[in-house]
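Spelled out from the first residue to the last, the chains are:
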Amino acid sequence: MKSLLIKSAIASGVVLSLATLSRPAMAGSFAISIENAGVQNANSSNLVDAHIQTFDAQAQGYSATGFQWKDGTKNIGSYKDTLIMNPDQYGAAGGTGKYFDVDTNRSGNGQKVSTLNLTSPQSYFGLWWSAGDANNVLTFLSQGQTVFSMTTADVVNYIAGLSNKASYYGNPNSAFKNQDSGEPFAFINFYDVGGTFDQVQFTNIGGTGFESDNHTVAAGYKSITGDVVTAAVPESSSVLGVFVIGFVGATSVMTRRVKKKSVLQLS
């Protein structure tokens, strides 16, 4: 009987170990928030070692090779398959300079995905999401493995439920004031809680565009700011859950054996 108990406990332990090692990256480790209506920049005072890409220095049009992102002499990363647009009703923070887009029709090259490869791991990403719709997807990867992916439908739905939702709709900049009034404009923050990423993919799954500006990365952050759209569930909680399941499984087997033995003794 003792041998059987030990074997059962070992079996549960093996299952526990496999579950722990093979569990997928937890999407819940990201927290997502939006800044107040009209805000078009990250909260820089909350970020550690932050860098901003405004796209103003880039040539207008589509480029398969993209460009290098440098901040002074520091190499932040590189963009691939980029579409850079001049300011219009759909984008360009402040109504000036240029902005980033993913658009099959505008690119003239069937563009559906753009990629930002980062030189070093980051734990924060932010962007001014302009002319927003539910067809945009952001995917974060670490060493080639997806750690989080979301569709902007979540943000659209969140804004639609706000009492001041009207203040997010329409271009807020004076040059294009209230144009494109049927779509939201908001600065979105992505916080990787307890982890990092080294690649961001921008995908447009519909026939619209994925317009954005002021891409911001940071190695760290002090707190989660803005109105939280999706709260993070720390990965450690998931690991603990797996351990609890394994422990309960082993205990359950042992308890059943003990109870059976007691019954046999009583009879």
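Cut-offs used in this document
- Residues numbered from 1 in each chain as written.
- Predicted model: local features only at pLDDT ≥ 70, side-chain atom pairs only at ≥ 80, totals over all residues.
- Heavy atoms only, no water.
- Salt bridge = Lys/Arg side-chain N within 4 Å of Asp/Glu carboxyl O.
- Helix = DSSP H or I, 4+ residues; strand = E, 2+ residues; numbered from the N terminus.
- Pairing = 2+ DSSP bridges.
- Buried < 20%, exposed > 50% of the residue type's maximum accessible area, 1.4 Å probe, protein only.
- Arc of directions from axis to C-beta.
- Contact = heavy atoms within 4.5 Å.
- Axes fitted to C-alpha atoms, helices over the stretch in contact; angles between N-to-C directions.

Hey, could you go over the pattern of salt bridges for me, with residue numbers and the actual values?
Note on pairing: side chains with opposite charge can pair once their charged atoms come close. Under the criterion given, the structure shown has three salt bridges. Residue Asp49 pairs with Lys74 through a salt bridge whose shortest N-O separation is 3.1 Å. In this pair, Asp49 is assigned in strand S2 (residues 47-53) and Lys74 in strand S5 (residues 74-80), connecting sequence segments 25 residues apart. Between Arg106 and Asp101 there is a salt bridge whose closest N-O contact spans 3.0 Å. Each of Asp88, Asp101 and Arg106 takes part in salt bridges that share partners, so that together they form one network.

Go over the pairing of strand S4 (residues 67-71) with me, naming the residues and quoting the values.
Bridge analysis of S4 against S5 gives five bridges, and the strand direction is antiparallel. Looking at the pairing, Gln68 lines up with Ser78 of S5. Joining the antiparallel neighbours S4 and S5 is a turn of two residues, in which Gly72 adopts a positive phi near 70 degrees.

So what's going on with helix H3 (residues 153-160)? Residues and values would help.
Because each turn of an α-helix spans 3.6 residues, side chains separated by three or four positions in sequence point in the same direction. Buried within H3 are the following residues: Ala153, Val155, Val156 and Ile159. Take H3 and look down its axis: the buried residues cluster within an arc of 160 degrees, on one side only. Buried-residue contacts for H3 involve strand S1 (30-34), strand S9 (124-130), strand S11 (145-151) and strand S12 (186-192).

Tell me about the side chain of Ser29, and name the residues and values.
Here Ser29 lies in the loop between helix H1 (2-22) and S1. Sequence-distant contacts of Ser29, that is, excluding residues within four places in its chain, are made with Tyr191, Asp192, Val193, Ala232 and Val233.

Kindly report on the sheet that holds strand S13 (residues 197-204), identifying the contributing residues and their values.
Whenever strands of a sheet pair, they do so through backbone hydrogen bonds, lying parallel or antiparallel. A sheet is described by the order of its strands in space; here six strands give the open sequence S4-S5-S8-S13-S10-S11, paired in antiparallel fashion. Both edges of this open sheet fall to S4 and S11, since each of them pairs with a single strand only. In this sheet, adjacent strand axes meet at a mean angle of 20 degrees when their direction is disregarded. Examined bridge by bridge, strand S10 (residues 136-142) and S13 share six bridges and lie antiparallel to one another. Along S13, the bridge assignment pairs Phe140 with Val200.

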